[in-house]
Amino acid sequence: MESYTIHPSAVVDPGCTIGEGTRIWHFSHLMTGCTVGAHCSIGQNVVISPGVRIGNGVKIQNNVSVYTGVTCEDDVFLGPSCVFTNVINPRSAISRKDQFRETRVERGASIGANATIVCGHTIGRYALIGAGAVVTRDVPPYALVVGNPARQIGWVSERGWRLEFDAEGRATCPEGGEEYWLRDGKVEKAMDNGQLIIDN
């Protein structure tokens, strides 16, 4: 018995891997060779191309195409109609399927509605990409970026709240109370004893 749910209007090609508890909604298409983890939500009119790897607990909102070359780690959020690319210089008359550039969205990162992620970049863990942003370079973990081209305007906690660092480089999430340190232009989450968590 299947341990996931597929809406009757969705198309799942042979050779897909789908994890337990995942839900695939109306008119979506999962193509041969893609992998979707457990407890994911795949919204309406989503396309997941061959070779794409989706982790556990990922939420993909309506009208998102996840093209070959994209990897989304656990707990990633893809907002409505956000866009990935996989070729840097596409031409209709020239096949460049051997030139796909890889894009990685690391654990816990969120991409806002209508954002565009130009291929070949990494979105760091727990980063937050603002709605409509156009990402043209790597995004550091915990970074908040907005605009076209996207620019960093701050830092966010794992819960998605803006972090305000004091003179010593410490900040506290206003929702969960977790502590973060800013050192040498990088943010790390602190453990309960105040030591840094090194998360490779």
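For the structure, see preceding data.
Here the structure is a predicted model, which means the values were calculated and not measured.

## Focus on the overall build of the protein chain
- Looking only at helices and strands, one finds 0 helices and 25 strands in the protein chain.
- Relative to the 2.2 N^0.38 estimate, which gives 16 Å for 200 residues, the radius of gyration of the protein chain is 18 Å and therefore close to what a compact globule would have.
- Seen through its C-alpha atoms, the protein chain measures out along the principal axes to roughly 55 × 45 × 25 Å.
- Buried residues in the protein chain amount to 40% of all 200 residues.

## A few points about the sheet that holds strand S7 (residues 41-42)
- Across the sheet, which stays open at both edges, the 9 strands sit in the order S1-S4-S7-S10-S13-S16-S19-S21-S22 with mixed pairing between neighbours. Here the strands that pair on one side only, and so sit at the sheet edges, are strand S1 (5-6) and strand S22 (151-155).
- Strand direction decides the pairing type here: strand S21 (residues 143-146) and S22, joined by 4 bridges, are antiparallel. Counterpart to Val-145 in the pairing with S22 is Gln-152.

## Digging into the packing of aromatic side chains
- This model, assessed by the stated rule, comprises 2 aromatic pairs.
- A ring pair is formed by Tyr-126 and Tyr-142, whose centres lie 5.7 Å apart and whose planes are at 20 degrees; its orientation type is stacked. Of the two residues, Tyr-126 is situated in the loop between strand S18 (122-123) and strand S19 (128-129) and Tyr-142 in the loop between strand S20 (134-135) and S21; the sequence distance between them amounts to 16 residues. For the pair shown, Tyr-126 and Tyr-142 are each scored as buried.
- On the basis of an interplanar angle of 70 degrees and a centroid distance of 5.5 Å, the ring pair of Tyr-142 and Tyr-180 is categorised as edge-to-face. Of this pair, Tyr-142 sits in the loop between S20 and S21 while Tyr-180 sits in strand S24 (residues 179-183); the two residues are 38 residues apart in sequence, bridging distant segments of the chain.
- We classify Tyr-180 as buried; its relative accessible area is 0%.

## Description of the pairing of S24
- With 3 bridges connecting them, strand S23 (residues 170-172) and S24 associate as antiparallel partners. From the neighbouring strand, Arg-170 faces S24, where its bridge partner is Trp-181.
- From the end of S23 to the start of S24, which pair antiparallel, there are 6 residues, and Gly-177 there has a positive phi angle of about 80 degrees.
- Where S24 lies against strand S25 (residues 186-189), 4 bridges are found, and the strand directions are antiparallel. In the sheet register, Arg-183 faces S25, and the bridge partner there is Lys-186.
- Hairpin connection of S24 to S25: 2 residues between the antiparallel strands, including Asp-184 at a positive phi of 55 degrees.

## Some remarks on the environment of Pro-50
- Tracing the backbone through its elements, the reader meets Pro-50 in the loop between strand S8 (47-48) and strand S9 (53-54).
- A residue is classified by how much of its surface remains accessible, and Pro-50, at 32% relative accessible area, is partly exposed.
- Separated by 18 residues in the primary sequence, Pro-50 and Thr-68 place their C-alpha atoms 5.7 Å from one another.
- Contact partners of Pro-50, with chain neighbours within four places excluded, come to Met-31, Thr-32, Gly-33, Cys-34 and Thr-68.

Cut-offs and rules
- Residues numbered from 1 in each chain as written.
- Predicted model: local features only at pLDDT ≥ 70, side-chain atom pairs only at ≥ 80, totals over all residues.
- Heavy atoms only, no water.
- Helix = DSSP H or I, 4+ residues; strand = E, 2+ residues; numbered from the N terminus.
- Rg over C-alpha atoms; globule rule 2.2 N^0.38 Å.
- Buried < 20%, exposed > 50% of the residue type's maximum accessible area, 1.4 Å probe, protein only.
- Pairing = 2+ DSSP bridges.
- Phe/Tyr/Trp six-rings, centres within 6.5 Å; stacked < 30°, edge-to-face > 60°.
- Contact = heavy atoms within 4.5 Å.

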